[in-house]
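What follows is each chain in one-letter form.
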Amino acid sequence: MIQKLTIHLTQQKTQKLGTLAQKNKKIYFEYDKEFLKTGIQISPYKLPLKAGVQRCDDDTFEGLWGVFSDSLPDGWGRLLMDRHLMRLGVNANALTPLDRLAYMGKHAMGALSYEPERELEDAFLNEIVLDDLAESSQEILEGSSETMLDELLSLNGSSAGTRPKVLVQISEDKKKIIHGQQKLKKGFSHWMVKFASSVDSKEIGAVEYAYSLMAKEAGLIMPRTVLLEGKKGRYFAIERFDRVGDRRIHMHSVAGLTHSDFRFPTLDYDDLLSLTLHLTKNVKEVEKVFRLACFNLFTHNRDDHAKNFSFLMDEKGVWSFSPVYDITYSSGPGGEHSTMYLGEGKNPSKEHLLELAKKHGVKNGEQIILVVKEAIEQWNTFAKIAGVSERMQKSIFKVLELGGMSMMRRTI
């Protein structure tokens with residue numbers, strides 16, 4: 001059982017961040033004296049930069065600070081880790097958060113790494129076949145097989161969410177896919193590829209790709225996306241924004257930043273807009289979040305929980321709202337938005353958006369809504385580009401028509 005970890009922050013260079021320790025079921029952290037001189041706040045609200053030992057008295061993330069919890073996989077990634085360790089005779093339920101961080105080592109999303117590292121046996125594939133990985137993912141989720149479990153684990157990193165996914169490198173012509181956890185090969189970049197879960201439609205990849213095209217048209221900052229073709233399926237891929245080449249970017253989810261339990265609808269866009277201005281000191285970043293709020297409302301993306309929003313920090317400690325991710329057609333908990341609009345989760349409207357814009361100084365709120373509206377009205381075009389079936393295309397269009405678009409026509 002790990003009692004102490006040394007944490008490093010790696011961006012342009014690697015710096016010792018501090019020491020994480022566990023004693024009597026409580027977790028403590030102390031910043032390194034040299035790092036204190038940088039003035040950089042990696043998690044300003046819950047783990048402020050100051051000398052001395054700090055203790056985490058919040059149990060939201062099993063007694064761990066959110067900034068370190070962001071390095072851990074949940075859902076699919078945690079399932080893979082637990083199954084792998086159980087196969088080795090390790091009681092996964094007895095693992096502490098520090099044990100799990102040690103297994104992540106230098107392979108976590110974002111820019112943090114942990115020592116000593118407990119190596120999970122790397123299972124590098126000579127050839128990555130997405131159909132095989134997708135099929136094995138389904139079998140693991142159903143508990144019917146553990147074929148390729150080690151390979152999937154080594155390709156997962158600390159990616160979050162319930163849907164199976166792998167971290168890979170993809171060539172610029174999109175014809176070659178290689179293992180992601182190695183030095184970046186010339187002509188390649190870092191990507192995440194997502195597969196359907198056991199309860200998802202087989203078209204979920206095509207739908208998410210269509211949504212990514214629609215988001216870009218609506219003016220959202222979206223990483224590059226592509227729909228990869230296999231012999232048995234089509235898989236949505238998105239370029240990682242926590243990597244620029246092989247340079248790592250510090251990333252912090254809103255859930256981790258504020259210690260919000262993303263499994264419950266505890267967040268409001270009102271809070272998110274306030275947080276964005278306070279953290280970034282930039283009204284342009286607030287406008288980004290407002291545009292996303294408009295898009296999520298009108299496109300029926302209701303799985304908008306606190307882990308689906310993140311901020312990035314550069315080498316100087318300056319924060320910005322991250323590119324958008326995990327935006328697709330979804331119904332959310334009980335059919336409501338995970339993040340409310342001024343207290344309204346079930347039937348938010350344009351009026352809620354305009355009130356948010358007014359309250360948070362978004363002067364071009366009406367114009368942003370109009371641009372988002374025009375993008376959403378092109379849903380059928382984007383769905384056809386993505387190869388969404390006519391049945392699914394019409395089904396989603398009906399919801400958009402009854403919800404966002406018809407409401408916008410009445411009020412704009």
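The structure reproduced in this document is the subject of the present report. (Residues numbered from 1 in each chain as written. Predicted model: local features only at pLDDT ≥ 70, side-chain atom pairs only at ≥ 80, totals over all residues. Heavy atoms only, no water.)

## Points about the pairing of strand β15 (residues 310-313)
The two faces of a sheet get side chains in turn, since along a regular strand they alternate between them. Using the following cut-off: Summary of the burial criterion: residues with accessible area below 20% of their type's maximum are buried, those above 50% are exposed, and those between are partly exposed, where the area comes from a 1.4 Å probe applied to protein chains only. Counting from the N terminus, the helices are the DSSP runs of H or I reaching at least four residues and the strands are the DSSP runs of E reaching at least two. Strand pairing is assigned whenever DSSP identifies at least 2 bridges connecting the two strands.
Neither face of β15 is exposed, since Ser310 and Leu312 on one face and Phe311 and Met313 on the opposite face are all buried. In this structure, strand β13 (residues 250-253) lies alongside β15, joined through four bridges in antiparallel fashion. Paired with His250 across the strands is Met313, a residue of β15. The sheet contact formed by β15 and strand β16 (residues 319-321) spans three bridges and is antiparallel. Across the sheet, Leu312 pairs through a bridge with Ser320, a residue of β16. Hairpin geometry of β15 and β16 is characterised by an intervening segment of five residues between the two adjacent antiparallel strands and by a positive phi of about 85° at Gly317.

## Some words on the packing of helix α10 (residues 283-298) against helix α12 (residues 365-376)
To keep it simple, the criterion reads: Where helices are involved, their axes are fitted lines through C-alpha atoms of the stretch in contact, as for all axes, and angles between N-to-C directions lie from 0 to 180°. By definition in this entry, angles of less than 35 degrees are roughly parallel, angles greater than 145 are roughly antiparallel, angles of 65 to 115 are roughly perpendicular, and the rest are oblique. In a left-handed crossing the near helix is turned counterclockwise from the far helix by less than a right angle, and in a right-handed crossing that turn is clockwise. Only heavy atoms matter for contacts: two residues are in contact if any of them lie within 4.5 Å across the pair. Each residue receives one of three labels: charged for Asp, Glu, Lys and Arg, nonpolar for Ala, Val, Leu, Ile, Met, Phe, Trp, Tyr, Cys and Pro, and polar for the others, Gly being one of them.
Contact geometry for α10 and α12: axes closest at 10 Å, N-to-C directions at 45°. On the basis of their axis angle, the class for α10 and α12 is oblique. Taken as a pair, α10 and α12 cross one another with a handedness that is right-handed. Residue-level inspection shows Glu287, Phe290, Arg291, Cys294, Phe295 and Phe298 of α10 in contact with α12, the latter providing Gly365, Ile368, Ile369, Val371, Val372 and Ile376. Residues belonging to the contact of α10 with α12 are distributed by class as follows: nine nonpolar, one polar and two charged.

## Some words on the pattern of salt bridges
To keep things clear, this is the line we draw: By convention in these notes, a salt bridge is any Lys or Arg side-chain nitrogen within 4 Å of a carboxyl oxygen on Asp or Glu.
Counting across every chain of the model gives 29 salt bridges. Between Arg163 and Glu208 there is a salt bridge; the shortest N-O distance is 2.7 Å. With Arg163 in the loop between α6 (149-154) and β6 (165-171) and Glu208 in helix α7 (residues 204-217), the pair connects residues that are 45 residues apart, well separated along the chain. Each of the two residues, Arg163 as well as Glu208, counts as buried. The salt bridge partner of Arg234 is Glu229, with a shortest N-O separation of 3.0 Å. In the salt-bridge network here, residues are joined through shared partners; they are Arg163, Lys194, Asp200, Glu208 and Asp326.

## Thoughts on the nonpolar core
Note the cut-off: Definition used in this section: a nonpolar core is a set of buried Ala, Val, Leu, Ile, Met, Phe, Trp, Tyr and Cys residues joined via side-chain atoms within 4.5 Å.
Membership of the largest hydrophobic core comes to 122 residues, with the highest contact counts inside it found for Leu20, Phe68, Val193 and Phe290. When residues in this core are grouped by element, the largest group, nine residues, is from α10. Not counting residues up to four positions away in its chain, the partners in contact with Phe68 are Ile7, Leu17, Leu20, Phe29, Leu47, Leu101, Leu112 and Tyr114.

## Points about the sheet that holds strand β10 (residues 234-239)
Across the sheet, five strands lie side by side as β7-β6-β8-β10-β9; this open sheet has antiparallel pairing. Looking along the sheet, the strands with just one partner apiece sit at the ends: β7 (177-179) and β9 (225-229). Each strand axis lies, on average, 40° off the axis of its neighbour in the sheet, ignoring direction. Direction of pairing for β9 relative to β10: antiparallel, over a ladder of five bridges. Its bridge partner lying in β10, Glu229 is registered against Arg234.

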